[in-house]
Amino acid sequence: MPPVFAHGRLRLYLLKLLDEAPRHGYEVIRLLEERFQGLYAPSAGTVYPRLAKLEAEGLVTYATEGGRKVYSITEAGRAELADRSGELADLELEIRDSVTELAAEIRNDVRGAAGDLRREMRAAASASATQVEDESWKAAKEELRRARQEWKEQARRAKDESRRAREEAQQARRQAKEAQERAREEVQRIAVQLQEQFAKSGGVLGSLAGAWLGGGGTQAGPEAQPAAGPSAPAADAGADAAVDADWAEDLAPSGDPARDLDRLLDRFRDEVRDAARDHGVSSAQVAEVRAGLAAAAARLRATLRAG
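Report follows, based on the coordinates. A quick note: this is a predicted structure, and the numbers were derived from the prediction, not measured.

## Quick word on the pattern of salt bridges
Where charged atoms from two side chains of opposite charge come close, those side chains can pair.
In step 1: One pass over the structure, following the stated rule, counts 27 salt bridges.
In step 2: A salt bridge links lysine 16 to glutamate 20; the shortest N-O distance between them is 2.9 Å. Taken together, the residues lysine 16 and glutamate 20, both in helix H1 (residues 9-20) and four residues apart, mark about one turn of the helix.
In step 3: Exposure remark for lysine 16: the relative accessible area of 15% places this residue in the buried category.

This is the structure we're talking about:
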């Protein structure tokens with residue numbers, strides 16, 4: 001029999017089931033059996049150790065109700081589930097394939113049993129042609145009928161499960177695509193919001209904003225350069241905010257580009273606000289930064305749309 005879950009995939013599917021609703025261990029086992037249309041049911045020795053490990057990792061928690069542990073997913077568990085949404089869609093396809101393979105094995109077993117039964121029936125008929133209609137012959141015919149009916153029912157259930165798994169995988173992919181679109185729109189909204197907040201509060205330094213939005217270590221375009229003749233304080237601030245090629249290197253990639261971009265924007269906002277709070281900002285600097293941010297925002301939008 002082929003493996004139903006690849007390594008680590010049962011752990012991910014348990015998080016999915018607990019994200020749907022809190023459940024106790026035997027309810028999880030029953031749901032898995034239903035998802036596989038009765039073709040597979042994990043043992044308690046398979047499910048409970050994995051639930052305990054998820055609880056130790058802080059991905060699930062439990063409460064005792066009626067002497068049983070009822071497990072619930074935590075925010076950390078939901079975060080991992082969201083980060084692995086694409087892997088979850090692939091898992092749904094793997095489950096469909098597992099159901100198909102299990103159904104195929106059962107179908108082959110039924111066919112083999114039916115073939116053996118037919119051979120036995122022919123041998124019995126040859127040995128005693130005059131007793132074709134006796135009770136043993138009738139029993140053999142009934143057994144063959146039941147075997148055929150069972151095979152048809154199992155094939156139908158496997159087909160239904162395969163269709164359902166395919167629809168769920170397609171829905172999961174649509175949801176992942178919609179999440180990416182929402183993340184892109186959120187990034188653009190944050191860029192506009194930053195412009196408005198910086199312009200209202202005066203809480204930025206133009207040179208630092210232009211350096212970061214210019215590419216994190218690359219030369220900014222002409223449209224992002226400060227206006228000619230900055231004041232002495234603005235020039236000093238620009239010198240203090242020289243481009244750092246290692247800026248934000250401590251933010252390791254999470255595997256989710258939209259999330260990584262949110263973290264970079266948060267880091268940029270915090271550093272600029274801290275610099276403005278420590279050194280102050282003038283009206284001339286605000287005007288200079290507004291122009292730089294407008295150009296940088298346009299460049300970032302173009303980059304994201306091209307991506």
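## Notes on the side chain of histidine 24
In step 1: Inspection of the secondary structure assignment puts histidine 24 in strand S1 (residues 23-24).
In step 2: What makes histidine 24 buried here is its relative accessible area of 16%.
In step 3: Here the side chain of histidine 24 touches arginine 68 through a polar contact of 3.4 Å, side chain to side chain.

## Concerning helix H3 (residues 44-56)
For an α-helix the count is 3.6 residues per turn, leaving residues at separations of three or four pointing the same way.
In step 1: The end-to-end C-alpha separation of H3 is 18 Å, in line with the 18 Å expected for 13 residues at 1.5 Å each.
In step 2: Those residues of H3 lying buried are Val47, Leu51 and Leu54. For H3, the buried positions fall inside an angular range of 60° around the axis, keeping them on one side. Turned more than 90 degrees from where H3 packs its buried face, Gly45, Lys53 and Ala56 sit exposed.
In step 3: Elements in contact with the buried residues of H3: H1, helix H2 (25-35), strand S2 (60-65) and strand S3 (68-73).
In step 4: Positive phi shows up at glycine 58, right after H3, with a value of about 80°.

## So, the packing of H1 against helix H4 (residues 75-83)
In step 1: Running from N to C, H1 and H4 cross one another at 120°; their axes reach a closest spacing of 10 Å. Put simply, H1 runs oblique to H4. The handedness of the crossing between H1 and H4 comes out as left-handed. Across the interface between the two elements, Arg11, Leu12, Leu15, Lys16 and Asp19 of H1 pack against Gly77, Arg78, Glu80 and Leu81 of H4.
In step 2: For the contact of H1 with H4, the residue count by class is three nonpolar, one polar and five charged.

## Quick look at the sheet that holds S3
In step 1: If you trace the three strands from one edge of the open sheet to the other, you get S1-S3-S2, paired in antiparallel fashion. With partners counted over all chains shown, the strands left at the sheet margins are S1 and S2, one partner each.
In step 2: In terms of strand pairing, S1 meets S3 through two bridges, oriented antiparallel. When the sheet's bridge partners are listed, histidine 24 is paired in S3 with valine 70.
In step 3: H3 contacts S2 and S3 of the sheet and is inclined by roughly 115° relative to S2.

## Notes on the nonpolar core
In step 1: Ranked by internal contacts, the top residues of the largest apolar core, which has 23 residues, are Leu14, Leu15, Leu18, Val28, Leu32 and Val47.
In step 2: For this core, the secondary-structure elements that each account for two or more residues are H1, H2, H3, S3 and helix H5 (85-127).
In step 3: Setting aside chain neighbours within four positions, we find leucine 18 in contact with Arg23, Val28, Leu51, Val60, Tyr71 and Ile73.
In step 4: Phe268, Val272, Val289 and Leu293 belong to the second largest nonpolar core, which has six residues in total.

Parameters at a glance
Residue positions are given per chain, counting from 1 as you read along its sequence in written order. Whole-chain, interface and lining totals are the exception, using all residues; otherwise, since this is a predicted model, local features are given only for residues with pLDDT of at least 70 and side-chain atom pairs are given and counted only at 80 or more. Excluding hydrogens and water, the side-chain values take into account all heavy atoms of the structure. Should a side-chain nitrogen of Lys or Arg be within 4 Å of a carboxyl oxygen of Asp or Glu, the pair is scored as a salt bridge. Strands are runs of DSSP state E lasting at least two residues, helices are runs of H or I lasting at least four, and both sets are numbered from the N terminus onward. Relative accessibility thresholds used throughout: buried, under 20% of the residue-type maximum; exposed, over 50%; partly exposed, between the two (1.4 Å probe, protein chains only). We define a polar contact as two N or O atoms separated by no more than 3.5 Å, with the added condition that, inside protein, one atom must be a possible hydrogen donor and the other a possible acceptor, whereas residues neighbouring each other in sequence contribute only through side-chain atom pairs. Given a helix with a known number of residues, its expected span is that number minus one, times 1.5 Å. As used here, the arc is the angular range of directions from the helix axis to the C-beta atoms. Whether two residues are in contact is decided by their heavy atoms, any of which lying within 4.5 Å being enough. Axis definition: a line fitted to C-alpha atoms, over the contacting stretch in the case of helices. Angles run 0 to 180 degrees between N-to-C directions. Here roughly perpendicular refers to angles of 65 to 115 degrees, roughly parallel to angles under 35, roughly antiparallel to angles over 145, and oblique to all remaining angles. Left-handed describes a crossing in which the near helix is turned anticlockwise from the far one by less than a right angle; the clockwise case is right-handed. Nonpolar residues are Ala, Val, Leu, Ile, Met, Phe, Trp, Tyr, Cys and Pro. Charged residues are Asp, Glu, Lys and Arg, and all others, Gly as well, are polar. By this definition, two strands are paired if DSSP reports at least two bridges between them. Definition of nonpolar core: a set of buried residues of the types Ala, Val, Leu, Ile, Met, Phe, Trp, Tyr and Cys, connected through side-chain atoms within 4.5 Å.

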